[in-house]
Amino acid sequence: MFFPEFRARRLRRNDAMRRMVRETFLRPEDMIYPMFSAFGKDIKKEIVSMPGIYQQSIEHIVTEAKEVYELGIPAVLLFGIPEEKDALGQDAYSDTGIIQETIKAIKAAVPKLLVITDVCMCEYTDHGHCGVIKDGDVDNDETLKLLAAEALSHARAGADIVAPSDMMDGRVAAIREVLDANGFTDIPVMSYAVKYASAYYGPFREAAESTPQFGDRRSYQMDPANRIEAFREAELDIQECADFLMVKPALAYLDILRDLKERYNLPLVAYNVSGEYSMIKAAAEKDWIDGDRVMMETLIGMKRAGADLIITYHAKEAARLLKQS
Ligand code: PBG
Ligand code: ZN
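Figured I'd write up the structure that's included with this text. These numbers were taken from a predicted model, which means no experiment stands behind them.

### Description of the coordination of the zinc ion (ligand 2)
Move 1: Note on the zinc ion (ligand 2): its protein donors are Cys 120 (SG), Cys 122 (SG) and Cys 130 (SG). The metal-donor distances range over 2.2 to 2.3 Å.
Move 2: The site at the zinc ion (ligand 2) holds four donor atoms, and with the angles between them running 99 to 121°, its shape is tetrahedral.
Move 3: The sequence pattern formed by the donor residues of the zinc ion (ligand 2) is C-x1-C-x7-C. In terms of burial, Cys 120 and Cys 122 fall into one category: buried.

### Considerations on unusual backbone geometry
Move 1: Across the junction of Phe 3 and Pro 4, the peptide omega takes the value 10°, indicating a cis bond.
Move 2: Residue position: Pro 4 is located in the segment before helix H1 (15–20).
Move 3: The omega angle of the peptide bond from Lys 248 to Pro 249 is -10°, so this bond is cis rather than trans.
Move 4: By the element assignment, Pro 249 lies in the loop between strand S10 (244–248) and helix H8 (254–263).
Move 5: Residue Glu 209 is not a glycine yet carries a positive backbone phi of 50°.
Move 6: By the element assignment, Glu 209 lies in the loop between helix H6 (202–208) and helix H7 (228–239).
Move 7: Phi at Cys 241 takes a positive value of approximately 75°, unusual for a residue other than glycine.

### Focus: helix H4 (residues 140–157)
Move 1: Between the first and last C-alpha of H4 there are 26 Å, a value that for 18 residues agrees with the 26 Å anticipated at 1.5 Å per step.
Move 2: Listing the buried residues of H4 in full gives Thr 143, Leu 144, Leu 146, Leu 147, Ala 148, Glu 150, Ala 151, Leu 152, Ser 153, His 154, Ala 155 and Ala 157.
Move 3: On the buried face of H4, the contacting elements are helix H3 (98–109), strand S5 (114–119), strand S7 (137–138), strand S8 (161–164) and helix H5 (171–181).
Move 4: At the N-terminal end of H4, a side-chain oxygen is found 3.5 Å from the backbone nitrogen of Asp 141, two or three residues along, and the residue is Asp 139.
Move 5: Once H4 ends, the next one or two residues include Gly 158, with phi positive near 115°.

### What about empty space enclosed by the protein?
Move 1: Per the stated rule, a full pass over the model turns up two cavities of 30 Å³ or more.
Move 2: Residue lining of the largest cavity: 19 residues in total, with Cys 122, Lys 195, Tyr 201, Phe 204 and Lys 248 positioned closest to the centre.
Move 3: Mapped by element, the contributors of at least two residues to the lining of the largest cavity are strand S9 (190–195) and H6.
Move 4: Residues that form the lining of the largest cavity fall into these classes: nine nonpolar, four polar and six charged.
Move 5: The calculated volume of the second largest cavity comes to roughly 40 Å³.
Move 6: At the level of secondary structure, the elements contributing two or more residues to the lining of the second largest cavity comprise strand S1 (31–38) and strand S3 (54–56).
Move 7: Residue contributions to the lining of the second largest cavity peak at four residues, all from S1.
Move 8: Taken together, the residues of the lining of the second largest cavity sort by class into six nonpolar, two polar and one charged.

### Quick notes on the site of ligand 1
Move 1: Surveying the vicinity of ligand 1 reveals 17 residues, the closest of which are Lys 195, Arg 205, Lys 248, Ser 274 and Tyr 313.
Move 2: Within the side chain of Gln 221, an N or O atom sits 2.9 Å from an oxygen atom of ligand 1.
Move 3: One of the side-chain nitrogen or oxygen atoms of Tyr 313 is found 2.6 Å away from an oxygen atom of ligand 1.
Move 4: With respect to the pocket detection grid, ligand 1 is positioned in the largest cavity.
Move 5: Its residues assigned to classes, the shell around ligand 1 shows nine nonpolar, three polar and five charged.

Definitions and cut-offs
Residues numbered from 1 in each chain as written. Chains lettered and ligands numbered in written order. Predicted model: local features only at pLDDT ≥ 70, side-chain atom pairs only at ≥ 80, totals over all residues. Heavy atoms only, no water. Donors = N, O, S within 2.8 Å, 3.2 Å for Na, K, Ca; no water. Tetrahedral: all angles 85-135°; square planar, octahedral: opposite > 155°, others 65-115°. Buried < 20%, exposed > 50% of the residue type's maximum accessible area, 1.4 Å probe, protein only. Helix = DSSP H or I, 4+ residues; strand = E, 2+ residues; numbered from the N terminus. Expected span 1.5 Å × (residues − 1). Contact = heavy atoms within 4.5 Å. Polar contact = N/O pair within 3.5 Å; in protein donor to acceptor, adjacent residues only side chain to side chain. 1 Å grid on protein atoms, 1.4 Å probe; cavity = no way out; pocket = protein on both sides within 12 Å on 5 of 7 lines; lining within 4 Å. Points joined across faces, edges and corners; volume = space filled by probe spheres on them. Nonpolar A, V, L, I, M, F, W, Y, C, P; charged D, E, K, R; others polar. Near = heavy atom within 4 Å. Sits in = over half its atoms within 2 Å of the grid points.

What follows is the structure in structure tokens.
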């Protein structure tokens, strides 16, 4: 192929031609929409750093869940803000906890919408860490017991998929075991297999009120400088029978998405996290970028890198744009 006989621009001449040779697509079915369920009644509080995203009480969550389903988005990912937090995060595994009640309400109103639950302790502990504290750090093996109890109570309430985000070692196996022992052999585990200790989670911690009260999460989340370690994490979770693998955050870790897609054969999920969303919203608000176009370019970039699914706060807006086009 040599210029001038070969000309790459021939296939870019008009929209029909470009569509015909397009390699990657984004569909509503590829997206998962995260929601924050707050204890109480008639709450709908916008998260300052995440315009368009709310902490809401159950009745508002249900209304939005219907809207999500009608847009063709197959699943929501639920986070809970309980009435009370304590050292052991007891609301997390209570059969009448905030998330358990939210699952029941969504499944009653929109049964075909898949409900995925975040399995972690940081939204429920008063210290804001992802597990039980012993000697100033999160105790791995004690935390596994609570995570297993949490996942089981989500399944009992009707969750379709459980998604552990805590980064404890052995949590996928612990969750699989308790689910299977209680008859939930058909409930998949979507593992946040490769989760970095990231500053991009900043706005989420306002949304979930889960900022650690001391220290940080670097003794359990991964060092952003590491790639080979991502393979180790993914392999451990595959051995423990995870059904999906996730890379989180997405934007600064597109290489990791590609690496995992090439190496493993599980459905791969990218988490387009809160800070990634906030950056686009803030720049668009200032009229520095075209928010819609940057959003679509970012999402297609994640798919092109290898994501089969994208968890994104943009899901509703993106699904609406896809309908128009
Ligand atoms: C809980 C959890 C976090 C996110 C998802 N699950 C925060 C954290 O680990 O600090 C971040 C999501 C986002 O930023 O959108 N472990
Ligand atoms: Zn956590």
